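Each chain, letter by letter, is given below.
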Amino acid sequence: MLTAHTPRLKGKQVVVFPLQNETQEVELMREKGPLLNFLRRELKNAGVQLEVEYVREEQEPSKAYTAADKYKLLAEKNPVLNKLKDALNLDLE
């Protein structure tokens, strides 16, 4: 959970943990005491606080099933494919 997204500093006192859902927040709050003690000791900053923010998951790219969809996906990754298709007078069915 803590390695999925990198925590970041907000100002000099607040460590923001990006989480994906409320369940992760419950787990983080369960371990808040030991985690906060560790951070305060290692950072030598007794005023460190924890904060949570929710991040939206990026949607998975849709799968290409048809020949046209596969070609479009490949052409986006490699635009030279369009030139090759035109040079060979190829057409998708």
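These remarks concern the structure in this document. (Residues numbered from 1 in each chain as written. Predicted model: local features only at pLDDT ≥ 70, side-chain atom pairs only at ≥ 80, totals over all residues. Heavy atoms only, no water.)

1. A few points about the overall build of the protein chain
Check the secondary structure of the protein chain and you find four helices and three strands. Each helix (α) and strand (β) of the protein chain, taken in turn from the N terminus, gives the series β-β-α-α-β-α-α. Since a compact globule built from 93 residues should have a radius of gyration of about 12 Å, the 24 Å found for the protein chain marks it as more spread out than a globular shape. Along the first, second and third principal axes, the C-alpha atoms of the protein chain reach 70 × 25 × 15 Å. (Helix = DSSP H or I, 4+ residues; strand = E, 2+ residues; numbered from the N terminus. Rg over C-alpha atoms; globule rule 2.2 N^0.38 Å.)

2. Brief notes about the pattern of salt bridges
Scanning the model with the defined rule gives three salt bridges in all. The partner of glutamate 51 in a salt bridge is lysine 10, and the shortest N-O contact between them spans 2.8 Å. Of this pair, glutamate 51 sits in strand E3 (residues 49-54) while lysine 10 sits in strand E1 (residues 8-10); the two residues are 41 residues apart in sequence, bridging distant segments of the chain. A salt bridge links arginine 30 to glutamate 27; the nearest nitrogen and oxygen atoms lie 3.0 Å apart. Of this pair, arginine 30 and glutamate 27 both sit in helix H1 (residues 22-30), three residues apart, roughly one helical turn. Look at glutamate 27 and you get partly exposed, because its relative accessible area is 34%. (Salt bridge = Lys/Arg side-chain N within 4 Å of Asp/Glu carboxyl O. Buried < 20%, exposed > 50% of the residue type's maximum accessible area, 1.4 Å probe, protein only.)

3. Structural notes on the sheet that holds strand E2 (residues 14-19)
The sheet built from three strands is open, its strands ordered E1-E2-E3 with mixed pairing. Of all the strands in the sheet, the pair left with one neighbour each is E1 and E3. Averaged over all neighbouring strand pairs, the angle between strand axes comes to 40°, with direction disregarded. Relative to E3, E2 is paired through six bridges, and the arrangement is parallel. Its bridge partner being in E3, valine 14 is matched across the sheet by glutamine 49. Along the sheet, H1 contacts E2 and E3; its crossing angle with E3, the most-contacted strand, is approximately 170°. Helix-sheet contacts for helix H2 (residues 32-43) involve E2 and E3, and the interaxial angle to E3 is about 120°. (Pairing = 2+ DSSP bridges. Axes fitted to C-alpha atoms, helices over the stretch in contact; angles between N-to-C directions. Contact = heavy atoms within 4.5 Å.)

4. Here's the deal with the environment of tyrosine 71
With respect to the helices, strands and loops of the structure, tyrosine 71 is situated in helix H3 (residues 67-77). Here tyrosine 71 falls in the buried class, since its relative accessible area comes to 16%. Residues tyrosine 71 and leucine 81, ten residues apart in the sequence, show an inter-C-alpha distance of 8.8 Å. When sequence neighbours within four positions are dropped, the list of residues in contact with tyrosine 71 reads Leu81, Asn82, Lys85 and Leu92.

5. Quick look at the environment of leucine 73
Summarising the element assignment, leucine 73 is placed in helix H3. Sequence separation between leucine 73 and leucine 19 is 54 residues; the distance between their C-alpha atoms is 31 Å.

All we've got here are geometric facts, nothing functional implied.
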